[in-house]
Amino acid sequence: MKRTQLRKVKDRFFTWLMRFFLVTAAALLGLILLGIAWRGVGALSWEMVSQSPQGGFYLGKGGGILNAIVGSLYLALGATTLASLIAIPVVLYMHVYARGGRLANNVRLTLDIMWGIPSIVYGAFGFSLMIFLGLRASLLAGIIALALVVLPILARTFDEIVSMAPRHLRETALALGTTRLEFLGVLLRQTAPGLLTAILLAFGRGIGDAASVLFTAGYTDNMPESLLRPVASLPLAVFFQLSTPFPEVQARAYASALVLTILVLAISLLAHFSMTRLGRHVIR
Amino acid sequence: MYALSIRQLNVWYDKQHVLKDITVDVPRRQITAIIGPSGCGKSTLLKSLNRLLDLNERVRVSGQVLFEGQNIYDPGTDVTDVRTRIGLLAQKPFPLPMSIFDNVAYGPRIHGLGNGHLAQIVTAQLQAVGLWEEVKDRLKAPATGLSGGQQQRLCLARTLAVAPEVLLCDESTASLDPISARGIEALLRGLREKYTLVLVTHDIEQARRLADHVVFMWLGELVEHGPAGPFFAQPEQKLTQAYLAREIG
Ligand SMILES: Nc1ncnc2c1ncn2[C@@H]1O[C@H](COP(=O)(O)OP(=O)(O)OP(=O)(O)O)[C@@H](O)[C@H]1O
Ligand SMILES: [Mg+2]
């Protein structure tokens, strides 16, 4: 009698404790979003998102951050594309051809180590490579450095998703006389929604990374022109504006952060909706 | 006369010897049932017949499986071709992650069968397994939306659409409700005219109902085999008698 009561009290106590932390986590997210919106929404204007910086922008004069928005989109898009081109074949190879082998495990270990390396290290690596090759900061260099940052995220996330594919899928497909390459196609169909999630996760992580593009992509007030010219990026736009002593420029920094956040949110929502469509046939 | 001839087949999982010197023939266009208690190696024997065992890296095989006179374990064998000609229906229905239509069309597509008349093949196979009326209005819908029994019939249609010569079934009715199970059984019985069937079952009654030929396994060894009539009426081995009388197993 007493024992059952104690168990019930325990159960209730921990349920509430978990709920409390759940709410805390949600509240933190809400607080961050609200804080940025609160401080940034005032400075947010059509001019902000439709123009490049004019002369004296960092002193509080006219213009906007279109250069950084477009630059960031190019950087993140380029980096996730490049990383996908590497990650997807690597992961599929690990699961279809090198299944359960030493090679697969070594690749996994390598990716995990890469994941742990701070992005400033990739930036520094890219920078030294550029100097060695006699190149200047450019969109291309930024894409390459950023691709190194997102590659392990994309590959390991996709890897986990492929691991979760039902074991019978392989047997079923191969029993129909498919080659391994054809089985790979089936596997890709099964994991397509997860792959999209992995790509968007990488994109979201990539678009917000400042350290890797700081030296490699450089910064410019111009719109991106070519792969071999520097580009601006939103995280650095936030950084530069926030480090000025002028309150109106600092407010614009928050507006820029808001734009960045909205971009990431939009991508997440897009992922959510396209996933339900892509996931129609997935076997659970 | 024989579609498959198994000769001194031995299989090991790592160190565990799970099939011991199996030698038996599978008659063409008949139903051969493999029976025996759980863990005796029925599934292993079945999967050794179309080299699906290869998917397990820890497996080792010795001996021969002759399919139309050719040893499928010869180094030069085209494994894909073997699996195309010897189809498998698994225990649990497992649709591919695509629509109902595409599930059936998948095999013909990759094997380049039925160019231009794919829809006819799909229709014919779905009719053959009695699924057509139930799904003809939702061919584009995900296969996962079907019931268990429907899914298993879909899987049968998918396997048959590849036009195999031999059909292996591993307890293909075990996960279904009795009515669906009877439906699949009736289908399998009808297939014996065109295909060589090998089915694994631990349901003795099912073997009685379906089998022309019975193979009885015990702890990885083949105890007794022969035509169903004499096998069930007068089994020779003590072990078989005891198993059929449900004293062991
Ligand atoms: N993938 C595997 N790895 C290691 N051992 C296995 C594996 N599959 C089966 N075995 C072992 O091989 C033996 C035969 O297994 P098998 O699945 O062929 O038996 P079965 O007769 O089909 O049994 P059931 O009626 O339960 O399906 C068992 O002892 C089992 O533990
Ligand atoms: Mg089995």
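The structure displayed is predicted, hence computed values, not measured ones.

This next bit is on the overall build of chain B. Counting its secondary structure elements, chain B contains ten helices and ten strands. By the compact-globule yardstick of 18 Å for 249 residues, chain B fits well, its C-alpha radius of gyration being 18 Å. Over its C-alpha atoms, taken along the principal directions, chain B stretches across nearly 55 × 45 × 35 Å. Buried residues in chain B amount to 55% of all 249 residues. A separation of at least 24 residues holds for 65% of the contacts in chain B among residues at least 6 apart in sequence. Of the roughly 10700 Å² of accessible surface on chain B, a fraction of 48% belongs to carbon and sulfur atoms. Seen as two clouds, the 27 positive and the 26 negative side-chain charges of chain B have centres 3 Å apart.

Quick look at the pattern of salt bridges now. Residues and elements named next belong to chain A. Counted by the stated rule, this structure contains 21 salt bridges over all chains. The salt bridge involving Arg 156 is made with Asp 112; its shortest N-O contact spans 2.7 Å. With a gap of 44 residues between them, Arg 156 in helix H6 (residues 139-163) and Asp 112 in helix H4 (residues 102-116) connect regions that are remote in the sequence. Arg 156 sits in the buried class, given a relative accessible area of 13%. When its relative accessible area of 37% is taken as the criterion, Asp 112 is described as partly exposed. Across the salt bridge formed by Asp 159 and Arg 156, the nearest N and O atoms sit 2.6 Å from each other. On the criterion of helical spacing, the pair formed by Asp 159 and Arg 156 is a turn pair, its members being three residues apart in helix H6. Comparing Asp 159 with Arg 156, the two get one shared label, buried. Connected through salt bridges with shared partners, the residues Arg 108, Asp 112, Arg 156, Asp 159 and Glu 160 form a single ionic network.

Moving on, we get to a nonpolar patch on the surface. Residue and element names in this part refer to chain A. The grouping of Leu 82, Leu 85, Ile 86, Val 90, Leu 140, Ile 144, Leu 227 and Leu 228 at the surface amounts to a nonpolar patch, some 680 Å² of accessible area in total. Contributions of two or more residues to the nonpolar patch are made by helix H3 (66-96) and H6. Broken down by element, the residue count for the nonpolar patch peaks at four residues, all from H3. On the secondary structure map, Leu 140 appears in helix H6.

With that settled, the discussion passes to the domain arrangement of chain A. Residue and element names in this part refer to chain A. Each assigned domain of chain A is listed here: domain 1 (2-40) and domain 2 (47-281). For domain 1 versus domain 2, the distance between C-alpha centres works out to 32 Å. Facing five residues of domain 1, the contacting portion of domain 2 comprises six residues. Between domain 1 and domain 2 the total buried area reaches about 560 Å² when both faces are included, carbon and sulfur atoms providing 75% of it. Linking domain 1 with domain 2 are zero salt bridges, by the criterion used here. Broken down by class, the residue content of the side of domain 1 that touches domain 2 amounts to three nonpolar, one polar and one charged.

With 21 residues of chain A at the contact, the number on the chain B side is 26 residues. It is Glu 171, Leu 176 and His 281 of chain A that lose the most area in chain A upon contact with chain B, and together they represent 29% of the buried surface on that side. Here chain A and chain B share two salt bridges between them. Seen at the junction of chain A and chain B, the total is six residue pairs in polar contact (both at pLDDT 80 or more). Among the secondary structure elements, those contributing two or more residues to the side of chain A that touches chain B are helix H7 (168-175) and helix H8 (180-207) of chain A. Here the side of chain A that touches chain B takes seven residues from H7 of chain A, the largest share from any one element.

On to the sheet that holds strand S1 (residues 2-13) of chain B. One open sheet holds the four strands; their spatial order is S2-S1-S4-S5 (chain B), and the pairing between them is antiparallel. Each edge of the open sheet carries a strand with a single partner, namely strand S2 (16-27) and strand S5 (70-71) of chain B.

Okay, the pairing of S1 of chain B next. Residue and element names in this part refer to chain B. Here S1 runs beside S2; their pairing, made up of eight bridges, is antiparallel. Counted as the bridge partner of Tyr 13 is Gln 16 from S2. As paired strands, S1 and strand S4 (residues 59-67) are joined by eight bridges and run antiparallel to one another. Looking at the pairing, Leu 4 lines up with Phe 67 of S4.

Another aspect to go through is the site of ligand 1. Residue and element names in this part refer to chain B. Taken together, 15 residues lie near ligand 1, and Ser 38, Gly 39, Lys 42, Ser 43 and Thr 44 sit nearest. Contact distances for ligand 1 include 3.5 Å between a nitrogen atom and a side-chain N or O atom of Tyr 13. Expressed as a share of its isolated accessible area of 630 Å², the protein-covered part of ligand 1 is 66%. Secondary structure elements with two or more residues in the shell around ligand 1: S2 and helix H1 (42-48). Tallying contributions element by element places H1 first for the shell around ligand 1, with three residues. Counted by class, the shell around ligand 1 contains four nonpolar, eight polar and three charged residues.

The rules we used
- Residues numbered from 1 in each chain as written.
- Chains lettered and ligands numbered in written order.
- Predicted model: local features only at pLDDT ≥ 70, side-chain atom pairs only at ≥ 80, totals over all residues.
- Heavy atoms only, no water.
- Helix = DSSP H or I, 4+ residues; strand = E, 2+ residues; numbered from the N terminus.
- Rg over C-alpha atoms; globule rule 2.2 N^0.38 Å.
- Buried < 20%, exposed > 50% of the residue type's maximum accessible area, 1.4 Å probe, protein only.
- Contact = heavy atoms within 4.5 Å.
- Areas by Shrake-Rupley, 256 points an atom, 1.4 Å probe, with all protein chains shown as cover.
- Lys, Arg positive; Asp, Glu negative; His and termini not counted.
- Charge placed at Lys NZ, Arg CZ, Asp CG, Glu CD.
- Salt bridge = Lys/Arg side-chain N within 4 Å of Asp/Glu carboxyl O.
- Patch = residues over 30% accessible without salt bridge, like charges linked within 9 Å, V, L, I, M, F, W, Y side chains within 5 Å.
- Domains from an automatic or database assignment.
- Buried area = accessible area lost by both parts, 1.4 Å probe.
- Nonpolar A, V, L, I, M, F, W, Y, C, P; charged D, E, K, R; others polar.
- Polar contact = N/O pair within 3.5 Å; in protein donor to acceptor, adjacent residues only side chain to side chain.
- Pairing = 2+ DSSP bridges.
- Near = heavy atom within 4 Å.

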